[in-house]
Amino acid sequence: MIEIALFGAGRIGKIHAGNLAAHPQVRLRYVIDVHAPSAQALAQQHGASVCSVEQALADPAVGAVVIGSSTDTHADLIQRAAAAGKAIFCEKPVDLDLGRARDCASAVEKAGVVCMIGFQRRFDPTFHALKQRLDAGEIGQPEVLLITSRDPSPPPLDYIARSGGVFKDMLIHDFDVFRWILGEEAVSVYATGSSPGFPEVAAAGDITAAAVTLRTASGALCQINTSRQAAYGYDQRFEVLGSQGLLQAGNLRPTEVVAWGRDAISQDKPEHFFLERYRQAYALELRHFIDALVDHTPVRTSIGDGIKALELAEAAARSWREARIVELP
C-alpha cells in the first residue's frame, strides 16, 4: 500500500481524493488545506486524518504527495516534498514564474524522486486513441493541428487577477496537447487576443478570447482558438490534418441520444465543465501515477513537460503584449 498525503480540499482535491480512495494499492493518509473545515470534511469522508504540511512530510509512512492546492503553493510544496524524498503528483502549472518552476525541476532531479504534472488531457480515452492512430501512421505526416478550447464563462475577477493570465491558466493544457500530439517543439509563436464584452477583464490585464499559431521545425502548424465565454458549455476538441487524411477528437456529452423530430434533429450539449468532461481522465492519470511508482516506470507527463508548456505560455503572452511573432530556440 502506498500512503498518500493530499494537499488541497477544493474542487480538484475532492476529485483526486475520490480517485485515490478507489485505488486498491493506495491509502489516503492525510488531507491538508488552509481551510480547516474543508480538510476535515474531506478527510472524514475517506477515512483520512488532517495534519500540517510539516507533519505530512515528516511522516516516513507517506510515500507520495498529491498537490491540488492553489497555484501559488505548488513550487514550495514540490521543493519541500522532494527534499523529504516523497514522490510527487502536482496539478498544473508548476508555478507562474518560469524561474521558480525551473528551480523545482532542479530540486526534483537532485532528490531523484518521481514528479508527475497533471496534464489530464493526455489520459482522455478519445484523445489517447487519436494519438495512437496518428503514431501508427494512419493519416501520414501530420501537417496541421487545430485545437478548440473554450470555457462556458469567465472565472471571477479575483481569480483572474492571480491566475497568471489566460495563457498560463487555461491554454497551458493546449500547449501540452500541441507538444504531445505533434511530438515536436515550437520554433515560433504568434498570439493575439481581446476581451469582447468583458471590459473588466481587460482592465485586469487579461483577455477572454485568444488565437495562437505555433510552428515546428518541420513546418507543422498548430492553431489554438480559445474563449472563456461559450454559452453552450465546455468545448474541448481537436483535429489533425495529415498528408493522407484527417483525425478528429470531439466533445463528450452526457448521453449520445439523438432526437429526430419534425422540425429539428437534436442531441445533448457538451459536458458543462472540465470536472465532468475529464472525469475519466482524472482517474486514469492518477492510476498511471500509482502504476509508475509500483512498477518503477517513467511517468507520461513529467515536470519537464510542465516547464516546456510554461515556456510556451510565456512566449504566447509576450507575443500578445508586443504584437509580434516570438522566435524560440
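Residues numbered from 1 in each chain as written. Predicted model: local features only at pLDDT ≥ 70, side-chain atom pairs only at ≥ 80, totals over all residues. Heavy atoms only, no water.

Here we look at empty space enclosed by the protein
Alright, step 1. Overall, the coordinates contain one cavity of 30 Å³ or more when judged by the stated rule.
Alright, step 2. Considering only enclosed or pocket space, the largest cavity measures out at about 40 Å³ in volume.
Alright, step 3. Forming the boundary of the largest cavity are Arg121, Phe127, Ile147, Thr148, Asp174, Val177, Gln236, Arg237, Phe238 and Tyr278.
Alright, step 4. Along the lines of polarity and charge, the residues of the lining of the largest cavity split into five nonpolar, two polar and three charged. (1 Å grid on protein atoms, 1.4 Å probe; cavity = no way out; pocket = protein on both sides within 12 Å on 5 of 7 lines; lining within 4 Å. Points joined across faces, edges and corners; volume = space filled by probe spheres on them. Nonpolar A, V, L, I, M, F, W, Y, C, P; charged D, E, K, R; others polar.)

Topic: the sheet that holds strand E9 (residues 209-216)
Alright, step 1. Read from one edge of the open sheet, seven strands run E12-E11-E7-E10-E9-E8-E15, paired in mixed fashion. Only two strands of the sheet have a single neighbouring strand rather than two, namely strand E12 (245-249) and strand E15 (326-327).
Alright, step 2. Packing of helix H9 (residues 172-182) onto the sheet brings it into contact with strand E7 (142-150), strand E8 (186-194), E9, strand E10 (221-227) and strand E11 (235-242), and relative to E7 it is tilted by some 155°.
Alright, step 3. Contacting E8, E9 and E15, helix H13 (residues 303-322) crosses the sheet at an angle of about 55° to E8. (Pairing = 2+ DSSP bridges. Helix = DSSP H or I, 4+ residues; strand = E, 2+ residues; numbered from the N terminus. Contact = heavy atoms within 4.5 Å. Axes fitted to C-alpha atoms, helices over the stretch in contact; angles between N-to-C directions.)

Looking at the sheet that holds strand E2 (residues 26-32)
Alright, step 1. Within the open sheet, the six strands sit side by side as E3-E2-E1-E4-E5-E6. Their pairing is parallel. Taken across any chain shown, the strands that pair with only one partner, and hence form the sheet edges, are strand E3 (49-50) and strand E6 (115-118).
Alright, step 2. When E2 meets E3, the two strands line up parallel, connected through two bridges. If you follow tyrosine 30 over to E3, its bridge partner there is serine 49.
Alright, step 3. On the sheet, helix H4 (residues 71-83) packs against strand E1 (2-7), strand E4 (62-67) and strand E5 (87-91) and is oriented at approximately 170° with respect to E5.

A closer look at the pattern of salt bridges
Alright, step 1. Going through the model one piece at a time under the given rule, you end up with 22 salt bridges.
Alright, step 2. Note that lysine 92 and aspartate 169 form a salt bridge whose closest N and O atoms lie 3.6 Å from each other. Of this pair, lysine 92 sits in the loop between E5 and helix H5 (98-111) while aspartate 169 sits in helix H8 (residues 166-169), and the two are 77 residues apart along the sequence.
Alright, step 3. For aspartate 169, a relative accessible area of 11% corresponds to the buried category.
Alright, step 4. Of the charged contacts, one joins aspartate 235 and arginine 150 as a salt bridge, the two residues approaching to 3.3 Å between their closest N and O atoms. Here aspartate 235, found in strand E11, pairs with arginine 150, found in strand E7; they are 85 residues apart in sequence, far enough to count as distant.
Alright, step 5. With relative accessibility at 1%, the residue aspartate 235 sits in the buried group. (Salt bridge = Lys/Arg side-chain N within 4 Å of Asp/Glu carboxyl O. Buried < 20%, exposed > 50% of the residue type's maximum accessible area, 1.4 Å probe, protein only.)

Regarding the packing of aromatic side chains
Alright, step 1. Enumeration over the complete set of coordinates arrives at seven aromatic pairs.
Alright, step 2. Aromatic side chains tyrosine 234 and tyrosine 278 sit 6.2 Å apart centroid to centroid with 90° between the ring planes, which places their arrangement in the edge-to-face category. Of this pair, tyrosine 234 sits in the loop between E10 and E11 while tyrosine 278 sits in the loop between helix H11 (274-277) and helix H12 (279-295), and the two are 44 residues apart along the sequence.
Alright, step 3. Taking the relative accessible area as the measure of exposure, tyrosine 234 reaches 4% and is therefore buried.
Alright, step 4. When the ring of phenylalanine 273 is compared with that of phenylalanine 274, the centres are 4.8 Å apart and the planes differ by 65°; the resulting orientation is edge-to-face.
Alright, step 5. Residue class for phenylalanine 274 comes out buried when judged on its relative accessible area of 15%. (Phe/Tyr/Trp six-rings, centres within 6.5 Å; stacked < 30°, edge-to-face > 60°.)

Some thoughts on H5
Alright, step 1. Compared with an ideal rise of 1.5 Å per residue, which puts 14 residues at 20 Å, H5 spans 20 Å between its outermost C-alpha atoms and is within 8% of the ideal.
Alright, step 2. Residues of H5 that are buried include every one of Leu98, Ala101, Cys104, Ala105, Ala107 and Val108, and no others.
Alright, step 3. Its buried side turned inward, H5 meets H4, E5, E6 and H13.
Alright, step 4. For H5, the capping residue at the N-terminal end is aspartate 97, with a side-chain oxygen 3.1 Å from the backbone nitrogen of glycine 99.
Alright, step 5. The first or second residue beyond H5 is glycine 112, which carries a positive phi of 70°. (Expected span 1.5 Å × (residues − 1). Polar contact = N/O pair within 3.5 Å; in protein donor to acceptor, adjacent residues only side chain to side chain.)

A word on the environment of serine 163
Alright, step 1. As for its position among the elements, serine 163 is in the loop between helix H7 (157-162) and H8.
Alright, step 2. Placed 127 residues apart in sequence, serine 163 and isoleucine 290 show a C-alpha to C-alpha distance of 29 Å.
Alright, step 3. Excluding residues within four positions of it along the chain, serine 163 makes contact with Leu96, Asp169 and Asp206.
Alright, step 4. Of note is the side chain of serine 163, whose polar atom sits 3.1 Å from the backbone nitrogen of glycine 165.

Some points on the environment of serine 195
Alright, step 1. The residue serine 195 is located in the loop between E8 and helix H10 (199-203) in this model.
Alright, step 2. Classification of serine 195 as buried rests on a relative accessible area of 14%.
Alright, step 3. Each residue touching serine 195, except ones within four places of it in the same chain, is listed here: Val201, Ala202, Asp206, Ile207 and Thr208.
Alright, step 4. A distance of 3.1 Å separates a polar side-chain atom of serine 195 from the backbone oxygen of aspartate 206.

Re the pairing of E1
Alright, step 1. Burial of E1 is extensive: six of the six residues sit out of reach of the surface.
Alright, step 2. Burial along E1 is two-sided: Ile2, Ile4 and Leu6 facing one way and Glu3, Ala5 and Phe7 facing the other are all buried.
Alright, step 3. Note: E1 against E2, six bridges, orientation parallel. Bridge pairing in E2 places isoleucine 4 opposite leucine 28.

Limitation: the analysis is restricted to geometry and does not speak to function.
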